[in-house]
Amino acid sequence: MALIELSNVTYTYPAAKFPALQNLNLQVNEGELVALVGANGAGKSTLCYTLAGFVPHFYRGELKGTVAVAGVDTHTTPLSELVLTVGLVFQNPFSQISGSKFTVYEEIAFGLENIGLPREEMKARVEKAMTLTGIVDLAGRSPYALSGGQQQRVALASILAMAPKVLVLDEPTSQLDPIGTREVFQVIKTLSQQGVTIIMAEHKIEWIATFADRVVALAGGEIILQGKPEEVLASPLLPEHGIGISRYTSVARLAAQESLWPAGRRLPVTLTEALDGFANT
Amino acid sequence: MNNIINSIKKEFTTTTLVLIPVAIAINIAIGELVVRLNLPVYLDSIGTILVGVLAGPWAGLVTGALANIIWGLIRPSSAPFFYVAAVIGLMAGLAGRWGAFNRESPRWLSVLIGAVFFFSLAMFILAFINLQVVDGFPVFPSMAGLLRQYALVFIAALIIGGAIGYFLLQNGAYAGSAGLITGVVAAIISAPTVAIVFGGVTGSGTDLLVAAFRASGANILASALAQGAVSDPFDKMLSFMVVWIILRSLPARFKAR
Amino acid sequence: MNSPFSLYVARESGLHHLHPLTKLTLTFGLLIAALALPWIWATYILTALVIVPLSVWGHIARPLLRAIWTTVMPFAISVFLIQGLLWGSGTELFRLGPVSLKQEGFVFATASTGRILMIFGAFLLFAMATRPDTLMIALKQIGFPGGLAYIIVTTIQIVPRFQAKANTILDAQRSRGLETEGNILVRARALLPLVMPLVLGSLVDVEERAIAVEARAFNSKRRETSLVEITDSQTQQIARWLMMGLTVGILIARVIWR
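Residues numbered from 1 in each chain as written. Chains lettered and ligands numbered in written order. Predicted model: local features only at pLDDT ≥ 70, side-chain atom pairs only at ≥ 80, totals over all residues.

Asker: Sorry if this is basic, but what is going on with unusual backbone geometry here?
Answerer: Note: most residues except glycine have negative phi, and most peptide bonds are trans. Of the consecutive residues Val55 of chain A and Pro56 of chain A, the connecting peptide bond is found in the cis state with omega at 10°. With phi around 50°, Leu43 of chain B is a residue other than glycine that occupies positive phi space. By the secondary structure assignment, Leu43 of chain B is in the loop between α2 (14–36) and α3 (46–55). (Helix = DSSP H or I, 4+ residues; strand = E, 2+ residues; numbered from the N terminus.)

Here is the structure:
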């Protein structure tokens, strides 16, 4: 029984002419890290919001089909309860600061105060989340006095403290510099190794290749391909739909046209695969 | 009764609650910017007006009240006027509901409103200056007498007013007039507080106006009222116009909120 | 700028450790007394005997007196000059050329200044000795709406950031050639290029923050708890009731014996 099940999901934003998601079917099993790739406007963010219940509860509009996350139907459950099952972290680290807390510690506890946890449990969860995301030394700082990568880790910690069953990440590193990106991906990798179910929309193909269990490629609101990272990320379908691919793949593809890449060998996605492949030409 | 409560509650979505602190911060930032630029206006309600128009009259009311109380934490002198700011937010919301910020007005209307406003202002100031105290009672000079005496001033007021209306209001005369009306209301309801709590003075540059009116024989309340009537309508009209311009630059999906 | 927008002055003192509601009740009582008591000297006496000693207890006497001076002086000067000299008809105290100081005006100005002094004194005392977020927690415990508390604390935190942002925009536009000095038309024309980026830039992430906050169960129907603990005592509770009673008593007395 899949942890997440989307059946025939079609969604159109209130003022839009065309649907953002069309007849989407998707299953995610517990413990999987599923990466969503697609060009801008392909529906990655919409899918993330749908998984977290913000479609339809926040954005209104018409949502057809069923969305079931950990046995909970997102249509019929109020958003304030849904957020306890699905945690959402998105691109902009700055806009995820609530603004009402003066220190990082209190900021992470914000969600826990809202759900009414007893003080001792709050402290335990906050400290655990800070350890997981490596920000224990930032506990007393103001959330506004942090770098983008640090703020994004605070956002992650704040959501993790609420102990959701599923973590949805919408391009969590797109506004971060390389250091911040590495910090955040490190945390995500650790979480995935610990068995957390994660769905992550991302552009950074090379990172995805290193730790995603499955890759789902979106275009025009539909799934055009899904499967193991090595297969999906090397597929020619991706560039055809304007989805960015790893530079190693593009180089190898050009090389293959000149017979400089071993015939029949799968195109590389990571540097290691590329080196291996070219060494065997 | 339940319907009213529901319609009030509906205005306070999460988005509204997140918008309000931003709006209050905008109030304060612009209010201080204006002081930096040394301009003879307040312009400290732009955030409040924005909330009124974007989220509704009740949200505007709450924003105004909170803005003054919170600003009062740093500048205590603004706090007692929280109810004035609340009314400004409320009226901005009502103006928004009636479409004042959606519809473009013809240019001639802007000219007309500018002219009428300056004319009334001139009439008002001259009436106060020519106030006479007969047997302990203030006696206002007659309108006809003033018109004859200061004919040139009135003509100048009409021309200048028309020009300002044309250039300032452009085709936002509906928003501009809503601002004017709001300013007049604000002046009226803030006068008692100025008189009672602050002894009739504002502690700022507008006290020159208060002095002028007091010297002409007006009592404390009337001078406070007069000071407000000269500065508030123009200030609020300007604020509403700034919001008008802001709204036209926002992408359409914002206005749906 | 990372200090929140408030007058709070952090000190280790008995006054600071008092429950926020105790201080709020006291401030409210002082406010009512300032407006309701009819004797001119009452405000000056209460300020000297209640507000100043409390500020000494709270180790904030110097910042308090400085703040009172800067706040009250502009009003005091204006009110004495304008209401004293331009009072209209009344008993002259002495002449200064064309204007004369009238007794009624002088009395009025003294009363007004006393009132302003006590109101702002009480308010500043409260603001300097109470942490805004602790105050909000205390208010929420007695039923204050959570949304309102969120708004107040968030505003206090983001206003300095906005002021800083406004300054950044000012510098940026100036370096692009915007004139901010000169005659009034020049300065007025500088207004929009400074206001628009500030406003538009900050409205953009409002929707995202609403989502972020919803993702943290902001609208949860469950009863909220608080990470921070506020100390209270029975003595304080009794004191609060007594102060409320006294305040109401003053109000009633003022209404009856106009």
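Structure's up, so let's keep going.
Asker: Even after reading the chapter, I still don't get the sheet that holds strand β4 (residues 62–69) of chain A, so can you show me in this structure?
Answerer: Backbone-to-backbone hydrogen bonds join strands into a sheet, with any given pair of strands oriented parallel or antiparallel. Residues and elements named next belong to chain A. Spatial ordering of the open sheet is given by β2-β1-β4-β5, a layout of 4 strands whose pairing is antiparallel. This sheet does not close on itself; its edge strands, each paired only once, are β2 (21–28) and β5 (72–73). When β4 meets β5, the two strands line up antiparallel, connected through 2 bridges. Within β5, the position partnered with Val69 by the bridge is Val72. Each of β1 (4–12), β2 and β4 touches helix α1 (residues 44–52); the most contacted strand, β1, lies at about 120° to it. (Pairing = 2+ DSSP bridges. Contact = placed C-beta atoms within 7 Å. Axes fitted to C-alpha atoms, helices over the stretch in contact; angles between N-to-C directions.)

Asker: Can you help me understand the interface of chain C and chain B in this one?
Answerer: Think of interface size as the accessible area that goes away when the parts come together; that is how it is often given. With 54 residues of chain C at the interface, the matching set in chain B holds 43 residues. Listing elements by their share of the side of chain C that touches chain B, those giving two or more residues are α4 (61–85), α5 (103–129), α7 (146–175), α8 (184–189), α9 (191–204) and α10 (206–214) of chain C. No other element matches α7 of chain C, which puts 12 residues into the side of chain C that touches chain B. The residue inventory of the side of chain C that touches chain B, partitioned by class, reads 37 nonpolar, 13 polar and 4 charged. (Nonpolar A, V, L, I, M, F, W, Y, C, P; charged D, E, K, R; others polar.)

Asker: Sorry if this is basic, but what is going on with helix α2 (residues 20–36) of chain C here?
Answerer: Since one α-helical turn is 3.6 residues long, residues separated by three or four positions face the same way. If you check α2 of chain C, its first and last C-alpha atoms are 24 Å apart, about what 17 residues at 1.5 Å a residue would give, namely 24 Å. Those residues of α2 of chain C lying buried are Pro20, Thr22, Lys23, Thr25, Leu26, Thr27, Gly29, Leu30, Ala33 and Ala34 of chain C. (Expected span 1.5 Å × (residues − 1). Buried ≥ 20, exposed ≤ 12 C-beta atoms within 10 Å, placed from the backbone.)

Asker: Sorry if this is basic, but what is going on with the environment of His203 of chain A here?
Answerer: All names here are of chain A. Assignment of secondary structure puts His203 in the loop between β8 (197–201) and α8 (205–211). Distance from His203 to Asp276, taken between C-alpha atoms, is 24 Å for residues 73 residues apart in sequence. Among all residues touching His203, those that are not within four sequence positions of it are Glu171, Ser174 and Gly244.

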